[in-house]
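Geometric and topological summary
So the chains spell out like this:
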Amino acid sequence: MEKTWIKVCETLDVQADAAFACEVEGRMIAVYQVDERHFATENVCPHAYALLSDGWLEGIEIECPLHGARFDITTGAVLEGPAECAVKTYPVRIEGDEVQCLL
Ligand code: FES
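Small disclaimer: the values here were computed from a predicted structure and weren't measured.

On to the side chain of D72. Within the secondary structure layout, D72 lies in strand 7 (residues 70-72). R37 provides the closest opposite charge to the buried, salt-bridge-free D72, at an N-O distance of 9.4 Å. Apart from residues no more than four positions distant in its own chain, D72 is found in contact with I60, A77 and L79.

Here it is in structure tokens:
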């Protein structure tokens, strides 16, 4: 199926240096704002089940609240275990007041 840009939240929903949880088209997505840029990842940690939006964002690193794995929100790469798989990332664009992801 072809991917399309879909609104996931409003720009005002996403605080600077914090993660915002949203659910769109059955997907749980975390949206982040760092240095006035927006990023989006799958919200469920690939290690077990925890929401990354409940974790701690430091720069471009999100720390899982359950076992402390750290991911790069720009690439999804694992920076520190115990997670071994990258978290999925989504392209983001801003259209007016909307944060849109390519889903
Ligand atoms: S559930 Fe995220 S590190 Fe274990």
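Having seen it, we continue.
Here we come to the pairing of strand 11 (residues 98-102). Here 5 bridges tie strand 1 (residues 5-10) to strand 11, and the two strands are oriented antiparallel to one another. Following the sheet pairing, I6 is matched in strand 11 by C101. The pairing of strand 10 (residues 92-95) with strand 11 spans 4 bridges and is classified as antiparallel. In the sheet register, I94 faces strand 11, and the bridge partner there is V99. What sits between strand 10 and strand 11 in their antiparallel hairpin is a turn of 2 residues, with G96 showing a positive phi close to 65°.

A few words now on the sheet that holds strand 11. Strand order across the open sheet formed by 3 strands is 1-11-10, with antiparallel pairing between neighbours. Each end of this open sheet is capped by a strand with a single partner; those strands are strand 1 and strand 10. Looking at each pair of strands side by side, their axes are set apart by 35° on average, direction ignored.

To continue, consider the pairing of strand 4 (residues 37-42). As defined by bridge partners, strand 3 (residues 27-34) adjoins strand 4 across 6 bridges and the pair is classed as antiparallel. By the bridge assignment for strand 4, V34 is matched with R37. Hairpin geometry of strand 3 and strand 4 is characterised by an intervening segment of 2 residues between the two adjacent antiparallel strands and by a positive phi of about 50° at D35. Bridging between strand 4 and strand 9 (residues 89-90) involves 2 bridges; their strand directions are antiparallel. Across the sheet, the residue bridging to T41 is T89, located in strand 9.

Turning our eyes to something else, we now look at the nonpolar core. Across soluble globular proteins, you tend to see nonpolar side chains buried next to one another. Judged by nonpolar contacts, the single largest core of 15 residues is most densely connected at Y32, L52, L57, I62, C64, F71 and I73. When residues of this core are assigned to their parent elements, the largest contribution, 3 residues, is made by strand 3. Ignoring any residue separated from it by four or fewer positions in sequence, one finds L52 in contact with Y32, T41, E42, N43, C45, I62, C64, P65, F71 and V87.

Calculation rules
Residues numbered from 1 in each chain as written. Predicted model: local features only at pLDDT ≥ 70, side-chain atom pairs only at ≥ 80, totals over all residues. Heavy atoms only, no water. Helix = DSSP H or I, 4+ residues; strand = E, 2+ residues; numbered from the N terminus. Buried < 20%, exposed > 50% of the residue type's maximum accessible area, 1.4 Å probe, protein only. Lys, Arg positive; Asp, Glu negative; His and termini not counted. Salt bridge = Lys/Arg side-chain N within 4 Å of Asp/Glu carboxyl O. Contact = heavy atoms within 4.5 Å. Pairing = 2+ DSSP bridges. Axes fitted to C-alpha atoms, helices over the stretch in contact; angles between N-to-C directions. Core = buried A, V, L, I, M, F, W, Y, C linked by side-chain atoms within 4.5 Å.

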